[in-house]
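Listed below, chain by chain, are the residues.
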Amino acid sequence: MSKDPLLQPYKLKHLTLRNRIMTTAHEPAYAEEGMPKERYIAYHEERAKAGIAMAMTAGSASVSRDSPPAFNNILAWKDEVVPWIRRLTDAIHEHGAVAMIQLTHLGRRTGWNKGDWLPSLAPGPHKEPAHRAFPKVMEEWDIARVIRDFADAAERMQAGGMDGIELEAYGHLLEQFWSPLTNRLEGEYGLGRLESRIRFTMDVLEETRKRVGPEFVIGLRYTADEATPGGTTEEEGLEIARIFRDSGMVDFLNVIRGRISTDPALVGVIPIQGMKSAPHLDFAGKIRAEIGLPTFHAARIPDVATARHAVQAGLLDMVGMTRAHIADPHIVRKIMSGQEDDIRPCVGATYCLDRIYEAGGALCIHNPSTGREREQPHEIPAATQRKRVVVVGAGPGGLEAARVAAVRGHDVIVLEAQGNPGGQVRLTAQHPRRREMIGIVDWRMAQCAARDVEFRFNCWAEAEDVIALKPDTVIIATGGLPNTVLLEQHEEQALAVTAWDILSGDAKPGESVLIFDEAGDHAGLMAAEICAQAGAKVEVMTPDRSFAPEVMGMNLSPYLAELQRHDVLTTIGRRLAGIERDGNLLKARIGTDYSDYVSEKLYDQIVVNCGILPMDELYFELKPLSKNLGEVDYEALISGAPQDVQRSSGGAFELYRIGDAVSARNTHAAIYDALRLVRQI
């Protein structure tokens, strides 16, 4: 029997959880027509198979028609969900894990122009900034109907074999009744005494208990402290927990601190990279100590050491490692087998959640198998024939290609022009708030070292260098270089420096700086921060109608906070059309895509962030010498079949290129390129 605190079983009512690690409710947005079908099931089954104790599915399943999905949620108000829930729970149970599901009415945290176009609901008239919809103020018949809807949904989940449910309060309708900031009702459910504000929740619990019986597990995920002037206080949060405990209707609490009504508030609840790990852990421990109910919690607990401390110190009964399991679903298995060093780290990039909030499915920035469990399994099979694989470039795509080829059992050599691996990720990691990104590189280097991959650094590979290695397969992962040609023009802007120049320190910030950010990604904003922190007067200009669209909401929040602290000017809808000297200054000619308006403005430094162009010279030199002339069979690539393109009978090797060496995309795309191509070589 292991003495590891994380591997001790835990008794939750009549359930025995096999260890202390769970995934808290989160919506990967994989549902199809509101149903958790094959992709959804495969995602949760992978984690159950790898040893997790409890999967809290959905985030959250909607109980009412007028709670339309904010991001492809499960529709728990439909009867046809039951057989799909049964398939989901059966898949989780088959591997020994407990299956639960989170239920909610989103209240004002959704939009009216979704689903059946019914008005959103709330106990007050004010919109939630993050979702922008002004809600209908609830009437008594709305309250009675939604109470029934919660109970109906709970019955469906019980019929589908779930071990229990978690009612989602924080930021959603239940908590909108609790908070003085959102409840504007009068009377028995209205603003006033705490007992009135939580009566709606108590009525939901009472009706639900009548339907599902005393043995079915019911918990709440709730905000014990809104940490906002005028909101629910810590003292009130503790009193709410006591009322739940004393009612006998609540079996566990899942504790959160803060609000989620705006993007920056959401980041306070769910911190991203560069922010403190486990910022609310001690607070959750205080709730557990004072209330005594089984207590769960998740908020940036990215590593096993923090999770182990949470349980060993008695702060939590069950520890949520949710984003960590998006990065590596096999955490528990690796702990049990003594392979903690093999765990793929969560680097806090929060690409997963940002994609969800942008109406996409959850994807990990550096584990492309997550969400693709059926077509890109996490386990990589050995090859039937050993080959010599030469990878040119040790950025994230090249390192993934080397890792996968080595796992397959191939003989792998990596040629890299720089003295260190990482490419653009290493450049990104120089920014203090994004230094965790280096985990993408370090993990792959460790994986390659364990499999004897040969690296040759400071090696600018020419065609003859590659050919001399007598490869069977060549992967060009040389990445790209910053584009310095403005849109649809022909000449490089020699008077400008690039965002990369600022990030690398090759160019020092000027006194008045224009950051022209056409790419709309992290590089432009990182460069703006560096210049502002150096004391420059900075303007960030974009031709887009929104600011830094590739960065997305959660990651954008800390940038905006820092840029606003330094009074950085942000200008949208304006395009840099040209640069010329004006004495010791640079004159920017500024236009717009929306009209013929043109203006001029002086700066002493202009920084362009106009995307990446491929470094593809080596690829084109090798192309005529290859068997496939560089061609990729897309049907085979997508279906997971081996490449079998023969275009030259005299070619000595197969040739492929990946990542930015093909076209500028992002880190996830480069790694995904490598995984799905090389796993069939």
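This structure is a prediction, so every number in the text was calculated from the model and none was measured.

The rules behind the values
- Residues numbered from 1 in each chain as written.
- Predicted model: local features only at pLDDT ≥ 70, side-chain atom pairs only at ≥ 80, totals over all residues.
- Heavy atoms only, no water.
- Helix = DSSP H or I, 4+ residues; strand = E, 2+ residues; numbered from the N terminus.
- Expected span 1.5 Å × (residues − 1).
- Buried < 20%, exposed > 50% of the residue type's maximum accessible area, 1.4 Å probe, protein only.
- Contact = heavy atoms within 4.5 Å.
- Pairing = 2+ DSSP bridges.
- Axes fitted to C-alpha atoms, helices over the stretch in contact; angles between N-to-C directions.
- UniProt positions renumbered as here; feature names shortened; annotations may be inferred.
- Parallel < 35°, antiparallel > 145°, perpendicular 65-115°, else oblique.
- Left-handed = near helix turned anticlockwise from the far one by under 90°.
- Nonpolar A, V, L, I, M, F, W, Y, C, P; charged D, E, K, R; others polar.
- Salt bridge = Lys/Arg side-chain N within 4 Å of Asp/Glu carboxyl O.
- Core = buried A, V, L, I, M, F, W, Y, C linked by side-chain atoms within 4.5 Å.
- Phe/Tyr/Trp six-rings, centres within 6.5 Å; stacked < 30°, edge-to-face > 60°.
- Lys NZ or Arg CZ within 6 Å of the ring centre and 35° of its normal.
- Polar contact = N/O pair within 3.5 Å; in protein donor to acceptor, adjacent residues only side chain to side chain.

Draft legend 1. Here's a closer look at helix H20 (residues 553–565). The end-to-end C-alpha distance of H20 is 18 Å, a good match for the 18 Å that 13 residues give at a rise of 1.5 Å each. For H20, the full list of buried residues reads Gly553, Met554, Asn555, Leu556, Ser557, Pro558, Tyr559, Glu562 and Leu563. Residues of H20 that are buried make contact with helix H8 (263–269), helix H13 (351–357) and helix H19 (522–533). Looking one or two residues beyond H20, the residue adopting positive phi is Asp567, at roughly 55 degrees.

Draft legend 2. View of the sheet that holds strand S27 (residues 654–657). The sheet built from 5 strands is open, its strands ordered S15-S14-S13-S16-S27 with parallel pairing. The sheet terminates laterally at strand S15 (454–456) and S27, the two strands that pair on one side only. For this sheet the average axis-to-axis angle between neighbouring strands, irrespective of direction, equals 15 degrees. Bridging between strand S13 (residues 388–392) and strand S14 (residues 411–415) involves 5 bridges; their strand directions are parallel. Along S14, the bridge assignment pairs Val389 with Val412.

Draft legend 3. View of the sheet that holds strand S20 (residues 537–542). Reading across the sheet, the 5 strands line up as S18-S25-S19-S20-S21 and stay open at both edges, with parallel pairing between neighbours. At either margin of the open sheet sits one strand with a lone partner, and together these are strand S18 (497–498) and strand S21 (569–572). Both strand S19 (residues 512–517) and S20 contribute to a ladder of 5 bridges, which runs parallel. Looking at S20, one finds that Val513 is bridged to Val538. With respect to the sheet, H19 is in contact with S19, S20 and strand S25 (605–609), its orientation differing from that of S19 by roughly 170 degrees.

Draft legend 4. Region of the structure containing the UniProt feature "domain: NADH:flavin oxidoreductase/NADH oxidase N-terminal" (unreviewed entry) in the chain. The UniProt feature table records "domain: NADH:flavin oxidoreductase/NADH oxidase N-terminal" (unreviewed entry) at residues 6–341. Span residues 6–341 is 37% helix and 16% strand, its end C-alpha atoms 16 Å apart.

Draft legend 5. Local environment of the pairing of strand S9 (residues 217–225). S9 sits mainly inside the fold: 9 of its 9 residues count as buried. Sheet topology places strand S8 (residues 164–168) next to S9; 5 bridges connect them, and they run parallel. By the bridge assignment, Gly164 is partnered in S9 with Val217. Note: S9 against strand S10 (residues 252–257), 6 bridges, orientation parallel. Looking at the pairing, Arg221 lines up with Asn254 of S10.

Draft legend 6. Local environment of the packing of helix H3 (residues 140–159) against helix H6 (residues 199–212). Packing of H3 against H6 brings their axes to within 9 Å, and their N-to-C directions diverge by 40 degrees. Here H6 runs oblique to H3, going by the angle between their axes. Read as a crossing pair, H3 and H6 show a hand that is right-handed. Where H3 abuts H6, its residues Ile143, Val146, Ile147, Arg148, Phe150, Ala151, Asp152, Ala154, Glu155 and Gln158 lie against Phe200, Asp203, Val204, Glu207, Thr208, Arg211 and Val212. Residue composition of the contact of H3 with H6, by class: 9 nonpolar, 2 polar and 6 charged.

Draft legend 7. View of the pattern of salt bridges. For the structure on display, the rule yields 50 salt bridges. The salt bridge involving Asp152 is made with Arg211; its shortest N-O contact spans 2.6 Å. With Asp152 in helix H3 and Arg211 in helix H6, this residue pair connects regions lying 59 residues apart in the sequence. Overall, the relative accessible area of 25% leaves Arg211 in the partly exposed class. Here the salt bridges share partners, and the residues they tie into one network are Asp66, Lys136, Glu139, Asp142, Arg145 and Asp149.

Draft legend 8. Just the environment of Gly479, in detail. Locating Gly479 in the fold gives a position in the loop between strand S16 (473–476) and strand S17 (480–482). In this structure Gly479 comes out as buried when scored by relative accessible area, which is 16%. Along the sequence, Gly479 and Ala661 sit 182 residues apart, while their C-alpha atoms lie 4.4 Å from each other. Residues contacting Gly479, with those up to four places away along its chain left out, are Pro614, Met615, Asp660 and Ala661.

Draft legend 9. Summary view of the nonpolar core. Judged by nonpolar contacts, the single largest core of 111 residues is most densely connected at Ile101, Leu103, Phe200, Tyr222 and Leu253. If we ignore the near neighbours within four places in the chain, the residues touching Tyr222 are Ala169, Tyr170, Trp178, Gly237, Ile240, Ala241, Leu253, Asn254, Val255, Ile256 and Ile287. The next biggest cluster of nonpolar side chains, apart from the first, holds 38 residues, and it includes Val414, Val441, Ile475 and Leu675.

Draft legend 10. Looking closely at the UniProt feature "domain: FAD/NAD(P)-binding" (unreviewed entry) in the chain. UniProt marks residues 388–620 with the feature "domain: FAD/NAD(P)-binding" (unreviewed entry), using the numbering shown here. Secondary structure content for residues 388–620 is 30% helix and 28% strand, and the end C-alpha separation is 21 Å.

Draft legend 11. The packing of aromatic side chains, seen in detail. Applying the stated criterion across every chain, the model contains 11 aromatic pairs. Relative to Tyr222, the ring of Trp178 has its centre 5.8 Å away and its plane inclined at 65 degrees; by these criteria the two rings are edge-to-face. Residue Trp178 is located in helix H4 (residues 173–178), and its partner Tyr222 is located in strand S9; the two are separated by 44 residues in the primary sequence. Each member of the pair, Trp178 together with Tyr222, is buried. Taken together, Phe177, Tyr189 and Phe200 form an aromatic cluster joined through their ring pairs. Positioned above the aromatic ring of Tyr189, the side-chain terminus of Arg199 is 5.2 Å from the ring centre. Over the ring of Phe283 we find Arg257, and its NZ or CZ is 4.1 Å from the ring centre.

Draft legend 12. Broad picture of the packing of helix H1 (residues 38–49) against helix H2 (residues 81–94). As a packed pair, H1 and H2 sit with axes 8 Å apart at the nearest point and diverge in direction by 20 degrees. Here H1 is positioned roughly parallel relative to H2, judged by the angle of their axes. Remark: the crossing between H1 and H2 carries right-handed chirality. Across from Glu38, Tyr40, Ile41, His44, Glu45 and Ala48 in H1, the residues of H2 making contact are Trp84, Arg87, Leu88, Ala91, Ile92 and Glu94. A breakdown of the residues in the contact of H1 with H2 according to their chemical character gives 7 nonpolar, 1 polar and 4 charged.

Draft legend 13. Highlighting the side chain of Thr295. Along the chain, Thr295 falls in strand S11 (residues 295–297). The exposure class assigned to Thr295 is buried, which follows from its relative accessible area of 1%. Reaching out from Thr295, the side chain makes a polar contact with the backbone oxygen of Leu293 at a distance of 2.8 Å. Dropping the residues within four chain positions of it, Thr295 is found in contact with Leu253, Val255, Ala284, Arg288, Leu316, Asp317 and Met318.

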